[in-house]
Amino acid sequence: MFKPAMLIAVVVLASGCATIDPKAQVAPTYRSISATILSVSCVQCHGVLGGYSFDTYDHTMKAVSPGDPDSSRLYFVVSKGKMPKLGTKLSAPQVQAIRDWIIAGAPDN
Ligand code: HEC
């Protein structure tokens, strides 16, 4: 009887802690950027073969300076419309999502 209630209390406390940082609430996650932008618009050309690669977090970070979008190659090429090289350019909200994620420190989340 007591145990499940304690478990719920722990979960509620833990999720409460996770929402303390206001930036963490608004900034998109690496996972969402990877799933909705990089894997859709970049990975077909930038996969595992040499050069820039956007298939994993570690590879993506070679084009990212955490906290500083203007020094991040990833942000530079999409904000200038240089990439994707062919096909549909990213939308303004997608470019903004990448910027916000980098400003938030480009966490692996
Ligand atoms: C149709 C293939 C293709 C797609 C899709 C594509 N790229 Fe590229 N990308 C290239 C090629 C080819 C180069 C190297 C030649 C050049 O720089 O134009 C390149 C170069 C780059 C560079 C290095 C050049 C620089 O100026 O720093 C970055 C960073 C980059 N791409 C990021 C991306 C990102 C991010 C996406 C997705 C939003 C993307 N690319 C989508 C083909 C592609």
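Structure's up top.
Attention here is on the structure that accompanies the text. (Residues numbered from 1 in each chain as written. Predicted model: local features only at pLDDT ≥ 70, side-chain atom pairs only at ≥ 80, totals over all residues.)

This brings us to the overall build of the chain. Within the chain, the regular secondary structure consists of six helices and zero strands. Tracing the chain from N to C terminus, the helices and strands come up as α-α-α-α-α-α. The proportion of buried residues among the 109 residues of the chain is 18%. Counted over contacts in the chain with a minimum sequence separation of 6, partners at least 24 positions apart contribute 57%. (Helix = DSSP H or I, 4+ residues; strand = E, 2+ residues; numbered from the N terminus. Buried ≥ 20, exposed ≤ 12 C-beta atoms within 10 Å, placed from the backbone. Contact = placed C-beta atoms within 7 Å.)

Taken together, the neighbourhood of the ligand is formed by 19 residues, with Cys42, Cys45, Met83, Pro84 and Lys85 sitting nearest. Top element by residues in the shell around the ligand is helix H5 (residues 73-79). It accounts for four residues. Residues belonging to the shell around the ligand are distributed by class as follows: twelve nonpolar, four polar and three charged. (Near = placed C-beta within 6 Å. Nonpolar A, V, L, I, M, F, W, Y, C, P; charged D, E, K, R; others polar.)

So, on to the packing of helix H3 (residues 30-41) against helix H6 (residues 92-103). Where H3 contacts H6, the two axes come as close as 10 Å, and the packing angle between them is 150°. Taken together, the axes of H3 and H6 are roughly antiparallel relative to one another. For the element pair H3 and H6, the recorded crossing hand is left-handed. Residues Tyr30, Ile33 and Ile37 of H3 form the contact with H6, whose own contacting residues are Gln94, Ala97, Ile98 and Trp101. Classifying every residue of the contact of H3 with H6 gives six nonpolar, one polar and no charged. (Axes fitted to C-alpha atoms, helices over the stretch in contact; angles between N-to-C directions. Parallel < 35°, antiparallel > 145°, perpendicular 65-115°, else oblique. Left-handed = near helix turned anticlockwise from the far one by under 90°.)

This part is about H3. Buried residues of H3: Ile33, Ile37 and Leu38, and no others. Relative to the axis of H3, the buried residues are bounded by an arc of 85° and lie together on one face. Of the exposed residues in H3, those oriented more than 90 degrees away from the buried face are Arg31 and Ala35. Buried residues belonging to H3 abut helix H4 (57-60) and H6. (Arc of directions from axis to C-beta.)

Once that is clear, we can look at the environment of methionine 61. Along the polypeptide, methionine 61 turns up in the loop between H4 and H5. Judged by C-beta crowding, with 15 C-beta atoms within 10 Å, methionine 61 ranks as partly exposed.

Among the nonpolar cores identified, the biggest contains 16 residues, and Val78, Ile98, Trp101 and Ile102 are the most heavily contacted of them. Mapped onto this core, the elements with two or more residues apiece are H3, H5 and H6. Excluding anything up to four places from it in sequence, isoleucine 102 contacts Val64, Pro66, Gly67, Pro69, Ser72 and Tyr75. (Core = buried A, V, L, I, M, F, W, Y, C linked by C-beta atoms within 7 Å.)

With that settled, consider H6. Across its twelve residues, H6 extends 16 Å between first and last C-alpha, which sits within 8% of the 16 Å expected from 1.5 Å per residue. All of the buried residues along H6 are Ile98, Trp101 and Ile102. Buried residues of H6, viewed axially, fall in a sector of 100°; they line one side. Exposed side of H6, more than 90 degrees from the buried face: Ala92 and Pro93 are the residues found there. The inward-facing, buried residues of H6 contact H3 and H5. Looking one or two residues past H6, glycine 105 carries a phi angle of roughly 100°, positive in sign. (Expected span 1.5 Å × (residues − 1).)

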